[in-house]
Structure formats: C-alpha cells, structure tokens
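Descriptive structure summary
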Amino acid sequence: MALAVGACADSRELPPALVEAPDEPPLYQIGAGDSLTIFVWRNAELSTSVTVRPDGRISVPLIEDLYVEGKTPSNLSREIETQLAVYIQDPLVTVIVGGFVGTFPQQVRIVGEASQPQAIPFRANMTVLDIVIQVGGLTEFADGNNTTLVRFQGDEIREFRVRLDDLLNDGDISANVALLPGDILIIPESIF
C-alpha cells in the first residue's frame, strides 16, 4: 500500500510558495483588447474612445496606427501630445483605460482542473484564493495540494508548490499565496 501511494506522488519536490505581495504593484501596461478613452483638453474633436486592436495599435484623429501595447497610460499620453504638437499648440492629453485586459505578462493564468480555466488581468494584492474564486473553484477531480505555481523571474522560470486543498477545504490561510503578474497556476488531476 505504501509503495502504491509513493508511486502516485509527484516525483518532483517543489518548494512551497511563500511569496509576499510587493509593496507597490507594477504600473499597468496597455494590452490588446483594452478600451481607451483619449481626452484632448480643449479639443473635443480630437478626443475619442478606441479599443486596442489585436496588433497592439490604435488609430485616433490625426494619428494613424500608433503602437500602444506595453505602454503605460501616462507614457502614451506624452507620446500622443508629442505627435499632436505638430498640429495644435501645447496639447494636453489624458489616456483613461477601461475594460482591462493588459499584456500577457500582466495576466495570471489558471489551467488544469479549474472549473473554468482562463487568463485573468492581474490586480494589486491578488492571491490564489482570489483567482480560484474567479474561475469558479476546482473540479471534483483536482489534486489541489499538488498545484504548481510557475513564476517568471527575469530569464529564470521557478516552480513552487501551492496547497489549494488546505486553503479551500481546511481554511488554512497560510496557503493563500500572493500572486505576481505573469504567474501560472497548474492544477493537476488526482489519481484517486
């Protein structure tokens, strides 16, 4: 019996995920699918609302095919001001983001035995509990305590063990790990 249980265990021993949330979340970067409102002060005819195309570009009055993916709203505002300065004197532009999607590195993904696997835009102070609630929980076949958290740190990929069953079934709040942009949760299927 012990041999059978040992054979079913994950052959890799991953360190537990004990990551604290960063003091200040990273600045939001505009991604394909985001809705943008571009307000040009005292120039209502230049103000507009657009959706970022799949190629990461937008078109606004007087500026065609402006690449915006990966830029912060403030950086984009300054870039539009620079381009509009050719046509109007001292433009003042504000970019307001709505319908958040973000870039792929700013999304958190949950795959495997989640009820509704999906990519979710990262929010400040997001934890594994937040993402599990958003995807509707785990399937009945999930092996929650063998969940793997894949984290990209620079050029390195690190993997950690997350104890979702302990968190969800036993209320062990120490298993509620902080997430970072780009994290992937992989929930395996239980053998039993």
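Remember, predicted model here, so these are calculated numbers, not experimental data.

A word on the nonpolar core
Counting residues in hydrophobic clusters, the biggest one holds 22 residues, and the most contacted among them are Ile110, Val128, Ile131, Leu149, Val162, Leu179 and Leu185. Among the secondary structure elements, those contributing two or more residues to this core are strand 6 (107-112), helix 3 (128-134), strand 9 (156-162), helix 4 (164-170) and strand 10 (184-187). The leading source of residues in this core is helix 3, at three residues. Ranked by size, the runner-up nonpolar core spans 19 residues in total, among them Ile58, Leu76, Val93 and Val97.

Examining a nonpolar patch on the surface
A cluster of nonpolar side chains, namely Phe39, Trp41 and Leu92, defines an oily patch on the protein surface of about 310 Å² accessible area. Along the chain, the position of Leu92 falls in the loop between helix 2 (73-84) and strand 5 (93-98).

Regarding helix 2
Taking 1.5 Å per residue as the helical rise, helix 2 with its twelve residues ought to reach 16 Å, and the 16 Å between its terminal C-alpha atoms agrees with that figure. All of the buried residues in helix 2 are Pro73, Leu76, Ser77, Ile80, Glu81 and Leu84. One face of helix 2 carries all of its buried residues, which in axial projection span an arc of 140°. Those residues of helix 2 that are buried lie in contact with strand 1 (35-40), strand 4 (63-67) and strand 5.

A closer look at the pattern of salt bridges
Throughout the structure, instances matching the rule amount to seven salt bridges. The salt bridge involving Arg53 is made with Asp55; its shortest N-O contact spans 3.3 Å. A residue is classified by how much of its surface remains accessible, and Arg53, at 28% relative accessible area, is partly exposed. We classify Asp55 as partly exposed; its relative accessible area is 37%. Between Glu81 and Arg78 there is a salt bridge, and its shortest N-O distance comes to 2.9 Å. Separated by three residues within a single helix, Glu81 and Arg78 lie in helix 2, roughly one turn from each other. Salt bridges sharing common partners tie together Arg53, Asp55 and Asp65.

How each quantity is defined
- Residues numbered from 1 in each chain as written.
- Predicted model: local features only at pLDDT ≥ 70, side-chain atom pairs only at ≥ 80, totals over all residues.
- Heavy atoms only, no water.
- Core = buried A, V, L, I, M, F, W, Y, C linked by side-chain atoms within 4.5 Å.
- Buried < 20%, exposed > 50% of the residue type's maximum accessible area, 1.4 Å probe, protein only.
- Helix = DSSP H or I, 4+ residues; strand = E, 2+ residues; numbered from the N terminus.
- Patch = residues over 30% accessible without salt bridge, like charges linked within 9 Å, V, L, I, M, F, W, Y side chains within 5 Å.
- Areas by Shrake-Rupley, 256 points an atom, 1.4 Å probe, with all protein chains shown as cover.
- Salt bridge = Lys/Arg side-chain N within 4 Å of Asp/Glu carboxyl O.
- Expected span 1.5 Å × (residues − 1).
- Arc of directions from axis to C-beta.
- Contact = heavy atoms within 4.5 Å.

Purely geometric stuff here, so don't read any function into it on its own.
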